[in-house]
Amino acid sequence: MTSPIRFTVLSSALLFTLQAAAEDAARNLDRVQVTGNRIAQAAGDAGHSITVLERADIEASRSIDVIDLLGKQTGIDVVRTGGSGSQNSIFIRGGNSNHALILIDGMRVNSATQGLFDFAHLPLALIERIEIVRGPRASVWGSDALSGVIQIFTRAPDSANAEMRLGSYRRAGLDAGTGIASDNSRFAVSAGFDTFDGFSATTPDNVWSYDSDHDGYRNEHTALQAGTRIGSQNLAFTGIATRGDVEFDQGRTQADNHSWNLALSGALNPMWQHKLSLGESYEKLDTPAYASVYGSRRKSLDWSNTVTLSNGTAAFGLNASKESGYSNGWSGPEFKETRDNHGVFGVWNGSYGRQTIELATRWDDNSQFGSRITSSAAWVLQVSPDSHWRASWGQGFRAPNFNELYYPGLFGSFGGNPNLDPERSQSLEIGYSHALSGTLRAEFSAYRSRIDDLIAFEGVNNQAINIQQARISGAEAELSGTAGAWQWRTQGTWTQAVNESTGNALLRRPKIKGLVDVRYRFDGGAELGLEVSGTGKRPDFGNELPGYGRIDLTASWPMAVRWRLEGRLENLADRDYRLVDGYATPGRSLFLRLNYLPE
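Residues numbered from 1 in each chain as written. Predicted model: local features only at pLDDT ≥ 70, side-chain atom pairs only at ≥ 80, totals over all residues. Heavy atoms only, no water.

Just to check I follow, could you spell out the confidence of the model for the protein for this structure?
Low pLDDT means the predicted atomic positions in that stretch should not be read closely. The predicted model of the protein averages 92 in pLDDT, with 95% of residues at 70 or higher. Note that pLDDT drops below 50 for residues 1-27; the model gives that stretch 54 contacts with residues more than four away or on any other chain. (pLDDT = per-residue confidence, 0-100. Contact = heavy atoms within 4.5 Å.)

Set out below in structure tokens:
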């Protein structure tokens, strides 16, 4: 781990010279999160690298969509094949896009056919909070959580709110929501739409196809939240549904997604809290130009418990899920499969003086791949009230999705392989966090992961195969703070993801990436911001994409009570760059958002 440690030491030396600051830095370390180990605790007390984004952070980012927002977070790389609504991939710490477990209000939403969740159709307007856990969490959540977990919590407004959006490429959108709440009950509903005429998603050098027409997008979405108190228990329902209509050179795809979750939670006694959840996630993709329809559905029952002990906290629970997937093509049905998974997990978190220890283990039994046991351990040393060291080790596994197993391929290429084995991983991480002078926050991490039987489309005719082993090493550094009216954040990542069998780097993962975000707030509440980002070169299919830099400007202006105007001028220098070989990215573009804020 010489290179990651060297990177961390150099970053530390640089960042610790910046200790001249003022007052009141926002401290992510103090924010309570539940995703890391299913125990509510401050992010800074966890033995893992965690980022918590509240609604205020989401709004302050002036991001256009959730993919744009996630791409600004430490340790996350995003790519997409064109503009809004297009196919996208999210890589956490160099892992594959299906190595990140995605939850919405506690419900697993990774597609059983693709293995990933399509963030393109999830609107920012419906999101209240995002928790990002970097590193394996299979010992708590099971399959898919090899490189991290992203949990989305949807909004539940208790008064009227709205936002109107306009932008370049004839972008327009509207969202509105309202809710009512009493001492024992609440109800909230939100709905909206987005349209985007777009630009040509492909470039003339695209080896698959090229058409200079504009590739647009339309999205319609709605969310519902309701809850009531029953004695000492809370009964809550959350649901979200989206429909996206995505244009591409040969036609269009209609993407339908929904998820819902019904939960009963509360205290069983003064020391014991529980949550019993029943839910479903659903995805369907219909592409008439290819006579292709495929989809998946997952039904889950989850019971989690938290018990307060004399020297710590224990969490335990069980989960049962049934997932099904299908694909229809030119010649009719291509596959239709179903499988079950049952899991039991346990977590113990205890404090001894300045040290905190966490142990977790989980047993999963998959009807298709048999049983798996995954475990993890973490140690935190509180050096001072404002700083701590942490170290963790964790295992992960991922069962192949239905496309990897059974998809017949596209004209004989990129076909599935029913003989695939599950992926397995082990990861080590060390980290350090420090709040400096009450105004600066610094955080550093270095990690190494080994993935056995990594699945890649590198066989004959690009068929899915198990690669013997992949190795991922990396380091992350982030510093944020305030100085009077100034607020700023800077971050850098170094990632080396390699196929050990061939020595080749894994595709579309840059080795170096950085971001500087600086904002100035005026006395009247108006704000100006500058974002400077840089991404290094990275390999793609048969090519290497050059690195690029981008400058974005942001602004907000409180127009009246409960009214705020926001703006984003993206790619100020109008740079021509690529996230995927053969696919275009937006040029200089303007985005405006008018908010009617809740009371």
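Please clarify how the nonpolar core should be interpreted in this entry.
Where a protein is soluble and globular, its nonpolar side chains tend to be buried together. Counting 27 residues, the largest nonpolar core has Val66, Phe119, Ile127, Ile130, Ile150 and Ile152 as its most contacted members. Elements with a contribution of two residues or more to this core: helix H3 (66-70), strand S4 (76-80), strand S5 (88-92), strand S6 (100-104), strand S8 (127-134) and strand S9 (148-154). With four residues, the top contributor of residues to this core is H3. Within the second largest apolar cluster, 16 residues are counted, among which are Ile39, Ile50, Phe345 and Ala360. (Core = buried A, V, L, I, M, F, W, Y, C linked by side-chain atoms within 4.5 Å. Buried < 20%, exposed > 50% of the residue type's maximum accessible area, 1.4 Å probe, protein only. Helix = DSSP H or I, 4+ residues; strand = E, 2+ residues; numbered from the N terminus.)

What is the right way to look at the side chain of His434 in this model?
By the element assignment, His434 lies in strand S23 (residues 423-436). Within the structure, the side chain of His434 is placed 2.6 Å from the side chain of Tyr432, a separation counted as a polar contact. Not counting chain neighbours up to four residues away, the residues in contact with His434 comprise Asp386, Ser387, Leu440, Arg441 and Ala442. (Polar contact = N/O pair within 3.5 Å; in protein donor to acceptor, adjacent residues only side chain to side chain.)

Looking at this structure, how should I read unusual backbone geometry?
The backbone of Asn571 sits at a positive phi, close to 55°, despite the residue not being glycine. Unlike most non-glycine residues, Asp574 shows phi in positive territory, near 55°. With respect to the helices and strands, Asp574 occurs in the loop between strand S32 (563-570) and strand S33 (589-596). Given a relative accessible area of 42%, Asp574 falls into the partly exposed group.

Help me out: how do you make sense of the packing of aromatic side chains in this one?
In this description, an aromatic ring pair is defined by two values, namely the gap between the centres and the angle between the planes. One pass over the full model with this rule turns up 17 aromatic pairs. Measuring from centroid to centroid gives 5.0 Å for Trp563 and Tyr596, while their planes differ by 50°, and the two rings are tilted. In this pair, Trp563 is assigned in strand S32 and Tyr596 in strand S33, connecting sequence segments 33 residues apart. Trp563 gets classed as partly exposed once you look at its relative accessible area, which sits at 34%. (Phe/Tyr/Trp six-rings, centres within 6.5 Å; stacked < 30°, edge-to-face > 60°.)

When you look at a nonpolar patch on the surface in this model, what are you seeing that I'm missing?
Judged by side-chain polarity, Met164, Leu166, Leu174, Trp557, Met559, Trp563, Leu565, Leu590 and Leu592 come together as a nonpolar surface patch covering roughly 800 Å² of accessible area. Secondary-structure elements contributing two or more residues to the nonpolar patch are strand S10 (161-167), strand S31 (548-560), S32 and S33. (Patch = residues over 30% accessible without salt bridge, like charges linked within 9 Å, V, L, I, M, F, W, Y side chains within 5 Å. Areas by Shrake-Rupley, 256 points an atom, 1.4 Å probe, with all protein chains shown as cover. Salt bridge = Lys/Arg side-chain N within 4 Å of Asp/Glu carboxyl O.)

Looking at this model, I keep getting lost on the pairing of strand S28 (residues 527-535). Mind explaining?
Successive residues of a regular strand alternate their side chains across the two faces of the sheet. Pairing of strand S27 (residues 512-521) with S28, which is carried by nine bridges, proceeds in the antiparallel orientation. Bridged to Asp517 within S28 is Glu531. Hairpin connection between S27 and S28: a loop of five residues separates the two successive antiparallel strands, and Gly525 in this loop has a positive phi of roughly 100°. As judged from the nine bridges shared by S28 and S31, these two strands associate in the antiparallel manner. Looking at the pairing, Val532 lines up with Ile551 of S31. (Pairing = 2+ DSSP bridges.)

Before we go on, may I ask you to explain the pattern of salt bridges in this structure?
Throughout the structure, instances matching the rule amount to 55 salt bridges. Note that Arg593 is salt-bridged to Glu163, the shortest N-O span being 3.3 Å. Highlighted residues: Arg593 in strand S33 and Glu163 in strand S10, separated in sequence by 430 residues. Overall, Arg593 belongs to the buried group, its relative accessible area being 7%.

Explain the sheet that holds S8 here, please?
Pairing between the strands of a sheet is mediated by backbone hydrogen bonds and can be parallel or antiparallel. The strand order S3-S8-S9-S6-S7 describes an open sheet built from five strands, whose pairing is mixed. Each edge of the open sheet carries a strand with a single partner, namely strand S3 (49-53) and strand S7 (107-108). Looking at chain direction, S6 and S7 are connected through two bridges and run antiparallel. Bridge pairing in S7 links Ile104 to Met107.

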